[in-house]
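The lines below spell out each chain.
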Amino acid sequence: MEKNTFATSAFIATSAENAFDYLCNLKNLDDWTLFSRMKEQIDEDTWLGTASAYQNKLYYHVKKLEHPLFYGIEWHCGFEYNKYFQVYPVLLFPPSYIEPGTDEEGVYFHWVSFVDPKRRTPMMIEAVGTIHTSECRSLKGILERKAGHTAAVVGRNFIDSETIYIDAPIEMGVEYLSNLRNMDEWSHLLHSHGEISPQSGEFLDEYDQKVKVTLQLHNLNKYYLLEQDYFYPDYGFIQRSPVMLIPAAYAFGDPSASGFIQHRITFWKVDQPLPHGKLQIEDFMSESINIKRLLEAKAGNLDTFARGRSYIPKA
């Protein structure tokens, strides 16, 4: 995982609409977070309050994201009003997004946190993963209790993710990754089979099974969401992997940060190995390493790859 990016997820047995409405209200942070307490409302979407990983106050701001198939928001934090250096995207996936036609009810919550290496304190980097994981558990409990449950409800799936920093212009990354004709170059598990268009085409997997791959790109204003769908027509099986492509300058609140963050979200059955598609998170990780190598070479940044998966500020 990219060491400046932290992600936590949970299945929550409530409706996506209820979860979205609850998360959009910053005052509710008082109930489920460790110590984010809203003390003074600044405007409709901004509060000043205490924080779990700082000894000083923070401004909290919430922004809604628009997508046709699921809900999303962003939390922003900073020491000054309208000067936010931390961004926390949240995506709320209905079960039907993961498995079309399912009768499962509830929502899959995915929370991504970016911590600027120039600003982070040792406590921040040591605590953020622990705090957010526990707060996610608290959020699940509150929303499920409000929905009438008396114990934690287990979902049929779980979310895993992997993140890598790519030192290339975001425009280059979007153009390259949103063109399916480039997949032969960066994926070692799929090989093109017949005519491939920029957004769809047929491939063969490592067992020579047919896979219809489609791509759909969404502009979320400051960054992009690239949806990758892998459909096995002979088995009626689909594997989805939405990918967030976020400029490092936006993720870390630092205009001097070059390149972008690629965050791939994956869905897996609980206690049920998949028979088709990518079978482990390492399959996605290895592709991301290849994407990083190829794009950084195209951008002429041949030294960054050797420094690892994470963003390192330039001296």
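Please refer to the structure higher up on the page.
Treat the numbers as computed from the prediction; the structure is a model and nothing was measured.

At their nearest, the axes of helix 5 (residues 170-177) and helix 8 (residues 281-298) sit 11 Å apart, and the two run at 125° to each other. Judged by the inter-axis angle, helix 5 sits oblique to helix 8. Crossing angle aside, the handedness with which helix 5 passes helix 8 is right-handed. Of the residues in helix 8, those touching helix 5 at Met172, Gly173, Tyr176 and Leu177 are Ile291, Leu294, Leu295 and Lys298. Looking at the contact of helix 5 with helix 8 residue by residue, the classes come out as 6 nonpolar, 1 polar and 1 charged.

Here we come to the packing of helix 1 (residues 16-24) against helix 4 (residues 122-146). Two elements in contact, helix 1 and helix 4, have axes whose closest approach is 11 Å; the angle formed by their N-to-C orientations is 125°. As summarised for this structure, helix 1 and helix 4 are arranged oblique, according to the angle between their axes. Of the two possible hands of crossing, helix 1 and helix 4 adopt the one that is right-handed. From helix 1, Ala19, Tyr22 and Leu23 reach across to helix 4, where they touch Leu139, Ile142, Leu143 and Lys146. When grouped by side-chain class, the residues that make up the contact of helix 1 with helix 4 number 6 nonpolar, no polar and 1 charged.

Approximately 260 Å³ is the volume attributed to the largest pocket. If you trace the largest pocket, you find 16 residues lining it, with Ile98, Glu99, Phe237, Ile238 and Lys269 closest to the centre. Counting residues per element, the lining of the largest pocket draws most heavily on strand 13 (residues 237-247), at 4 residues. Among the residues forming the lining of the largest pocket, the class breakdown is 9 nonpolar, 4 polar and 3 charged. Considering only enclosed or pocket space, the second largest pocket measures out at about 210 Å³ in volume. Taken together, 17 residues line the second largest pocket, and the ones lying closest to its centre are Ser9, Ala10, Phe11, Phe158 and Ile159. At the level of elements, strand 1 (5-12), strand 7 (107-114) and strand 8 (157-166) are the ones that each hand at least two residues to the lining of the second largest pocket. Considered class by class, the residues forming the lining of the second largest pocket number 9 nonpolar, 6 polar and 2 charged.

Turning to the pairing of strand 9 (residues 191-196), a few remarks are in order. The pairing of strand 9 with strand 10 (residues 200-204) spans 3 bridges and is antiparallel. Among the inter-strand pairings, Ser192 is bridged to a residue of strand 10, identified as Phe203. Linking strand 9 to strand 10, which pair antiparallel, is a turn of 3 residues.

Right, let's talk about the side chain of Asp254 for a bit. Summarising the element assignment, Asp254 is placed in the loop between helix 7 (248-251) and strand 14 (260-269). A polar side-chain atom of Asp254 sits 2.7 Å from a polar atom in the side chain of Ser256. Leaving out residues up to four positions away in the same chain, Asp254 has contacts with Lys118, Ala249 and Tyr311.

Let us now look at the pairing of strand 5 (residues 71-78). Within strand 5, 7 of the 8 residues are buried, leaving the element largely enclosed by the surrounding structure. Judged from the 7 bridges that link them, strand 4 (residues 58-65) and strand 5 form a sheet pairing that is antiparallel. Across the sheet, residue His61 finds its bridge partner in strand 5, namely His76. If you look at the hairpin formed by strand 4 and strand 5, you'll find 5 residues sitting between the two strands. Looking at chain direction, strand 5 and strand 6 (residues 86-93) are connected through 7 bridges and run antiparallel. Counted as the bridge partner of Ile73 is Val90 from strand 6.

Under the definition given, this model contains 5 cavities of 30 Å³ or more. Of the voids in this model, the largest cavity is the one considered here, and its volume is about 240 Å³. Forming the boundary of the largest cavity are 20 residues, of which Ser36, Tyr60, Tyr88, His132 and Glu135 lie nearest the centre. Contributions of two or more residues to the lining of the largest cavity are made by helix 2 (29-32), strand 4, strand 5, strand 6 and helix 4. No other element matches helix 4, which puts 5 residues into the lining of the largest cavity. Looking at the lining of the largest cavity residue by residue, the classes come out as 14 nonpolar, 5 polar and 1 charged. As a volume, the second largest cavity reaches approximately 70 Å³. Lining of the second largest cavity is provided by Leu189, Leu190, Asp205, Glu206, Val211, Tyr230, Tyr232, Gln239, Gly277 and Lys278. Per-class residue counts for the lining of the second largest cavity are 5 nonpolar, 2 polar and 3 charged.

About the criteria used
- Residues numbered from 1 in each chain as written.
- Predicted model: local features only at pLDDT ≥ 70, side-chain atom pairs only at ≥ 80, totals over all residues.
- Heavy atoms only, no water.
- Axes fitted to C-alpha atoms, helices over the stretch in contact; angles between N-to-C directions.
- Helix = DSSP H or I, 4+ residues; strand = E, 2+ residues; numbered from the N terminus.
- Parallel < 35°, antiparallel > 145°, perpendicular 65-115°, else oblique.
- Left-handed = near helix turned anticlockwise from the far one by under 90°.
- Contact = heavy atoms within 4.5 Å.
- Nonpolar A, V, L, I, M, F, W, Y, C, P; charged D, E, K, R; others polar.
- 1 Å grid on protein atoms, 1.4 Å probe; cavity = no way out; pocket = protein on both sides within 12 Å on 5 of 7 lines; lining within 4 Å.
- Points joined across faces, edges and corners; volume = space filled by probe spheres on them.
- Pairing = 2+ DSSP bridges.
- Polar contact = N/O pair within 3.5 Å; in protein donor to acceptor, adjacent residues only side chain to side chain.
- Buried < 20%, exposed > 50% of the residue type's maximum accessible area, 1.4 Å probe, protein only.

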